[in-house]
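Here is what each chain is made of, one letter per residue.
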Amino acid sequence: MEFAKSLSGHDKNEIYLIKEKDEKFVYLVNGTTKPFAAPKKKSIKHIQLIKNIPIEVEKVLSGTVTDLEVKRAVKLYKSIIQ
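An account of the accompanying structure is given in this report. Computed from a predicted model, the values in this text were never measured in an experiment. (Residues numbered from 1 in each chain as written. Predicted model: local features only at pLDDT ≥ 70, side-chain atom pairs only at ≥ 80, totals over all residues. Heavy atoms only, no water.)

Once that is clear, we can look at the nonpolar core. Ranked by size, the top nonpolar core spans 13 residues in total, and within it Phe3, Ile15, Leu17, Val57, Leu61 and Val70 carry the most contacts. Looking at which element gives the most residues to this core, the answer is helix 2 (residues 67-81), with four residues. Setting aside residues up to four positions removed in sequence, Phe3 forms contacts with Ile15, Tyr16, Leu17, Ile18, Gln48, Leu49, Ile50, Ile53, Val57, Leu61, Ala73 and Val74. Counting six residues, the second largest nonpolar core, distinct from the first, contains Ala4, Val26, Leu28 and Ile47. (Core = buried A, V, L, I, M, F, W, Y, C linked by side-chain atoms within 4.5 Å. Buried < 20%, exposed > 50% of the residue type's maximum accessible area, 1.4 Å probe, protein only. Helix = DSSP H or I, 4+ residues; strand = E, 2+ residues; numbered from the N terminus. Contact = heavy atoms within 4.5 Å.)

The following block contains the structure:
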């Protein structure tokens, strides 16, 4: 699982979980406004990958990942980095 930070657009500085990747785009979810059923399509050049994910956040995402777990992981990540 990878996290990304949006660098441009109306969602600038938002944290997302990357659901899928292809050559030019990533598909982002956050569990609330962008659920697994309708991920946000964003160009790779408009995001910054987050390499160092705390162990606590990885534990939330272990097993079957649902919108609720994604929401909890994003919230936990935001609270840890602040």
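A word on the side chain of Asn30. For Asn30, the location among the structural elements is in the loop between strand 3 (25-29) and strand 4 (40-43). Engagement of the side chain of Asn30 in a polar contact is seen with the backbone nitrogen of Thr32, the distance being 3.0 Å. Here the side chain of Asn30 touches Lys34 through a polar contact of 2.9 Å, landing on its backbone nitrogen. Setting aside chain neighbours within four positions, we find Asn30 in contact with Ile15, Tyr16, Val70, Lys71 and Val74. (Polar contact = N/O pair within 3.5 Å; in protein donor to acceptor, adjacent residues only side chain to side chain.)

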